[in-house]
Amino acid sequence: MLELKNIVFSVEDGPQENGGNGGGIRRIIDGIDYAFRKGKFYAITGPNGSGKTTLAKLIMGINPVTEGSILFGGKNITGYSITDRAKAGISYSFQQPARFKGITFRDLLSIASGTEEEMQLLALLRRVGICSLSFLDKPVDSKLSGGEIKKIELATTIARNPKVAIYDEPDTGIDLWTIGPMVNLLKREQAEHGTTTLVVSHNRAFLEVADVVLIINGGRFVYEGDLKGALPLLSDMSICNYKACVRIDDVGCFR
Amino acid sequence: MLDAFDKELLKTVADLEGLPKGAYNIRKNGRLLAREVSANIRIESLDDNRGIVVTIKPGTVNESVHIPVILSQAGLNDVVYNRFIIGEKSDVTIIAGCGIHCGGPDPEGHEGLHEFEVGRKAKVRYVEKHYATGPGRGKRSLNPSTRMVLAEGAHAEMELTQIGGVDEANRSNEAVLGPGSVLLVTERVMTEGSQRAVSRNSLVLEGNDSRANLVSRSVIKDDSVQDFFATLEARARCFGHIECDAILIGNGRNETIPSLKAFHPEAELTHEASIGKIANDQLMKLMSLGLSYEEAVNRIIQGFLR
Ligand SMILES: Nc1ncnc2c1ncn2[C@@H]1O[C@H](COP(=O)(O)OP(=O)(O)OP(=O)(O)O)[C@@H](O)[C@H]1O
Ligand SMILES: [Mg+2]
């Protein structure tokens, strides 16, 4: 239902002093060809800087693809704006959610769900497992804790009733006691609403419940399959011998 | 007595549908239009109708005074001087505001000086909105000044808003804070077209344990210009903070100068200032929730000025 046709995202490389190769082109997403199937749960993992967030942003239309095309429900959406993609049914939880001034969780939830009805907003809170009603009127500003803002981010994504939901490291900053319920919530959304779910995560809890595990490295999918098959590759990566250091700022090389 | 324009202006600047409850004084085109006093709130005119003195009895709680000003006479520059004496331990809200309806090519303006004496342990909330409208092309200017003296343990909140249509504004706010007093000032200004707005603020923290917080939110559209100057001067053990944010849209220009002066070893003064376009991550987030670019911009500004 969501098809990536050989997509590439490249940027102009910085000067050599900054670790670039001197005015060259860097392919952050280096040709991904993949079809996500309707209603499946995908866990996308891979080292820091491997291109997970970049890929998610290409799907949401936050960055335009340099090459290739994206099909959604058979339609070519490569030229769609963020707004158009949102309206078509794609929703994205940012890895680093925006913080506002003077905008509350209630405001975001109303925008996302298209209703200001108290009863419906409360029903949404229940659906995403937020028990504290006072949370609704919290300003989404710089005072929120890292975990709080991630919960809000996740709730606004679910409130869209998306066909495809992409969660970018939804568990960052989330306390130990909430990870389990969060995994269950996303599984329940998948089961009850048939949501095609893409979770970017390093957390084993998400990898374990996924229908498909995808490993991305150097801007390419290097694995598709179950968790068991992914494990050897993942442990290889953790000692950083999977790919040769090519750049001075390759985060992976310092691990 | 109130015509349709008056009603519209009153609604915008003072959230009033018709005449208010409680004490009020409505000034139109430089003259008194209506007044009501209460058992605890006295309103008297100064000589020559230059302004009013509002006296609030000590211990008056949960009362409000509305003192809106309406201008709809071309070529008029209304100058007014109002004094507020707020008695000890009272707790009141004062709603001021000026609405200009400009129907012709001549300039219209209002200059108001509001002086406050906030008594010991008194609490006051002062809300002031400025707005201009009308088909006329005459320049609309508003130059409000406030001067406030807070006695020991007094608590004052000022909300100053300029919502639109004002071509030129020159604002000045001054305050002197006594021991243990608290002052919170929030200023919100939106300018567009070729409008100009300047705000000068000077707060002196004179008493021990006094606290001041000055927040400014500016939205500067098109070719408009806004400048913001703020000085906190600490003369005792105290705490003061300035927070000023400006959003530029189009060719808007802004100069923001926060200044902190400490003349006491236990003074604690801080400031945060930012000028910039609407943050991209905020726009992306709202668009990913289905809003168009324009809707997202409006929503962010609405929140920012709330
Ligand atoms: N617009 C851009 N311009 C230049 N470089 C970029 C841009 N976007 C991403 N990058 C670079 O591309 C690489 C991949 O970034 P990305 O954010 O996709 O990584 P990630 O896999 O999500 O990492 P993490 O696990 O740390 O979240 C990084 O080296 C990043 O600095
Ligand atoms: Mg990332």
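Residues numbered from 1 in each chain as written. Chains lettered and ligands numbered in written order. Predicted model: local features only at pLDDT ≥ 70, side-chain atom pairs only at ≥ 80, totals over all residues. Heavy atoms only, no water.

**Digging into the nonpolar core**
- In terms of nonpolar packing, the biggest core is built from 95 residues, with A:Ile7, A:Phe105, A:Leu109, A:Leu186 and B:Leu286 touching the most fellow members.
- It is helix 5 (residues 146–159) of chain A that provides the largest number of residues to this core, a total of six residues.
- Look past the residues within four positions of A:Ile7 in its chain and what remains in contact with it is A:Ile29, A:Asp30, A:Gly31, A:Ile32, A:Leu55, A:Leu58, A:Val65, A:Glu67, A:Gly68, A:Ser69 and A:Ile70.
- Judged by nonpolar contacts, the second largest core, of 40 residues, contains B:Ala23, B:Val124, B:Leu203 and B:Phe228. (Core = buried A, V, L, I, M, F, W, Y, C linked by side-chain atoms within 4.5 Å. Buried < 20%, exposed > 50% of the residue type's maximum accessible area, 1.4 Å probe, protein only. Helix = DSSP H or I, 4+ residues; strand = E, 2+ residues; numbered from the N terminus. Contact = heavy atoms within 4.5 Å.)

**A word on the sheet that holds strand 9 (residues 212–217) of chain A**
All names here are of chain A.
- One open sheet accounts for six strands, arranged 6-7-8-3-9-10; its pairing is mixed. Each edge of the open sheet carries a strand with a single partner, namely strand 6 (90–93) and strand 10 (220–225). In this sheet, adjacent strand axes meet at a mean angle of 20 degrees when their direction is disregarded.
- Running over the sheet, helix 1 (residues 52–60) touches strand 3 (41–45), strand 6, strand 7 (164–168), strand 8 (196–200), strand 9 and strand 10 and is turned about 145 degrees from strand 6. (Pairing = 2+ DSSP bridges. Axes fitted to C-alpha atoms, helices over the stretch in contact; angles between N-to-C directions.)

**A few points about helix 1 (residues 4–14) of chain B**
Residue and element names in this part refer to chain B.
- Among the residues making up helix 1, those that are buried are Asp6, Leu9, Leu10, Val13 and Ala14. Looking straight down helix 1, one finds that the buried residues subtend no more than 100 degrees of arc, so they occupy a single side.
- Packed against the buried residues of helix 1 are strand 1 (23–28), strand 5 (61–71), strand 7 (91–101) and strand 9 (123–133).
- The opening residue of helix 1 is Asp3, an N-cap whose side-chain oxygen sits 2.8 Å from the backbone nitrogen of Asp6.
- Asp15 lies just past helix 1 and shows a positive phi near 50 degrees. (Arc of directions from axis to C-beta. Polar contact = N/O pair within 3.5 Å; in protein donor to acceptor, adjacent residues only side chain to side chain.)

**Examining the interface of chain A and chain B**
- Taken residue by residue, the interface counts 22 residues in chain A and 20 residues in chain B.
- When chain A packs against chain B, the two sides together hide about 1,800 Å² of surface, and 62% of this comes from carbon and sulfur.
- On inspection of chain A and its partner chain B, the count reaches four salt bridges.
- For A:Lys101, the salt bridge is made with B:Asp245, and the minimal N-O distance between the two is 2.7 Å.
- For the side of chain A that touches chain B, the class distribution of residues is twelve nonpolar, four polar and six charged. (Buried area = accessible area lost by both parts, 1.4 Å probe. Salt bridge = Lys/Arg side-chain N within 4 Å of Asp/Glu carboxyl O. Nonpolar A, V, L, I, M, F, W, Y, C, P; charged D, E, K, R; others polar.)

**Observations regarding the site of ligand 1**
Residue and element names in this part refer to chain A.
- In the vicinity of ligand 1, 14 residues are found, and the nearest of them are Asn48, Gly49, Lys52, Thr53 and Thr54.
- Lys52 places a polar side-chain atom, nitrogen or oxygen, 2.8 Å from an oxygen atom of ligand 1.
- Take Gln95: an N or O atom from its side chain is 2.9 Å from an oxygen atom of ligand 1.
- A total of 640 Å² of accessible area belongs to ligand 1 in isolation, and the protein chains cover 63% of it.
- Contributing elements (two or more residues each) for the shell around ligand 1: strand 2 (25–36) and helix 1.
- Sorting elements by how many residues they give to the shell around ligand 1 places helix 1 first, with three residues.
- When grouped by side-chain class, the residues that make up the shell around ligand 1 number three nonpolar, eight polar and three charged. (Near = heavy atom within 4 Å. Areas by Shrake-Rupley, 256 points an atom, 1.4 Å probe, with all protein chains shown as cover.)

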